[in-house]
Amino acid sequence: MNGRMHNATPELEIYLKRGPSGLGFNIVGGTDQQYISNDSGIYITKIKEQGAAALDGRLQEGDRILAINGCELQNLSHQEAVELFRTAGEDVRLRVLQGHSAQMNGPAGSRGGAEPSVLLLGVLAVSGALALAAMVYLRFRHRIGMR
C-alpha cells in the first residue's frame, strides 16, 4: 500500500427526457459557489419527487455532474452551469460521478447531518430554558417555603 486511497466511484452516462418540471433535480457548485471545499464541481443537492431524475432512479443527492450533452462542467460559475442545463433541450445526456463523498459546504439536507448552526440553536434554547427556570426558582422559592 502506498498511502493513497483508491477511490472507486462509478462514472455513469445517464439519458433523461426533460419533464414538465425540468430534469427533476437541483444543483449547487461552480467557481463562485463551491459546494465542496476547494472543488468547483457541480453537484446534485435535491432529487424532486416524480421528476425525470427520480423516475429514472440512478441519480442521487451528492452526485457530481461532469458533463451535460458532452459539454464539460469544469471551471464554470454556478450561473453558467445553470444556463447549460436550462438550454440543454428536451433529451439530455449527463456524465455523472456517483457516490462522491467529501467535506461539503452546501445545504444541510444534502449532507446527512445537522447544520452546525441548528445544533448551536438547540444548545442555546436548552441553556436559555434552564437559565429561565433557575431565575424563576430563585425569585419564588420563598413562596414555596424554601430559603
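Conventions we followed
Residues numbered from 1 in each chain as written. Predicted model: local features only at pLDDT ≥ 70, side-chain atom pairs only at ≥ 80, totals over all residues. Heavy atoms only, no water. Phe/Tyr/Trp six-rings, centres within 6.5 Å; stacked < 30°, edge-to-face > 60°. Helix = DSSP H or I, 4+ residues; strand = E, 2+ residues; numbered from the N terminus. Buried < 20%, exposed > 50% of the residue type's maximum accessible area, 1.4 Å probe, protein only. Core = buried A, V, L, I, M, F, W, Y, C linked by side-chain atoms within 4.5 Å. Arc of directions from axis to C-beta. Contact = heavy atoms within 4.5 Å. Salt bridge = Lys/Arg side-chain N within 4 Å of Asp/Glu carboxyl O. pLDDT = per-residue confidence, 0-100.

Attention now moves to the packing of aromatic side chains. Applying the stated criterion across every chain, the model contains two aromatic pairs. A centroid spacing of 5.8 Å and a plane angle of 90° characterise the contact between Phe25 and Phe85, whose relative ring orientation is edge-to-face. Pair noted here: Phe25 is in strand β2 (residues 25–29) and Phe85 is in helix α2 (residues 78–86), with a separation of 60 residues, a long-range link. Judged by its relative accessible area of 8%, Phe85 falls in the buried class. Residues Tyr35 and Tyr43 carry aromatic rings whose centres are separated by 5.6 Å and whose planes lie at 40° to one another, so their mutual orientation is tilted. Exposure class is identical for Tyr35 and Tyr43. Each is buried.

Right, let's get into the nonpolar core. Leu16, Phe25, Leu59, Ile65, Phe85 and Leu94 are the most contacted members of the largest nonpolar core, which totals 20 residues. Every element with two or more residues in this core is listed here: β1 (11–17), β2, β3 (42–47), β4 (64–68), α2 and β6 (91–97).

Turning next to α2. Here α2 has its buried residues at His78, Ala81 and Phe85. Seen along its axis, α2 keeps its buried residues to an arc of 65°; they face one direction. Of the exposed residues in α2, those oriented more than 90 degrees away from the buried face are Gln79 and Arg86. Close packing links the buried residues of α2 with β2, β3, β4 and β6.

In this section: the environment of Ala81. Relative to the elements of secondary structure, Ala81 occurs in helix α2. Judged by relative accessible area, which is 0%, Ala81 ranks as buried. Residues in contact with Ala81, not counting those within four places in the same chain, are Ile27, Ile42 and Leu76.

Quick look at the pattern of salt bridges now. By the definition in use, this model includes eight salt bridges. A salt bridge links Asp39 to Arg64; the nearest nitrogen and oxygen atoms lie 3.4 Å apart. On the criterion of sequence distance, the pair formed by Asp39 in the loop between β2 and β3 and Arg64 in strand β4 is long-range, its members being 25 residues apart. A relative accessible area of 12% places Asp39 in the buried class. With its nearest N and O atoms 2.6 Å apart, the salt bridge here joins Arg86 to Glu83. In this pair, Arg86 and Glu83 are both assigned in helix α2, three residues apart and thus about one turn of the helix distant. A relative accessible area of 32% means that Glu83 is categorised as partly exposed. Here the residues in one salt-bridge network are Glu11, Glu72 and Arg95, joined through shared partners.

Any segment with low pLDDT has predicted coordinates that should not be analysed in fine detail. Per-residue confidence for the protein averages 80 on the pLDDT scale, and 75% of its residues sit at or above 70. Long-range and interchain partners of residues 1–6, a stretch whose pLDDT sits below 50, account for zero contacts in this model, where long-range means more than four residues apart. With pLDDT under 50 throughout, residues 107–115 is counted as low confidence; its partners more than four residues away or in other chains account for 13 contacts.

We note that Asn69 has phi near 50°; this positive angle belongs to a residue other than glycine. By the secondary structure assignment, Asn69 is in the loop between β4 and β5 (71–72). With relative accessibility at 33%, the residue Asn69 sits in the partly exposed group. For Asn75, which is not glycine, the phi torsion reads 55° and is therefore positive. Mapping Asn75 onto the fold places it in the loop between β5 and α2.

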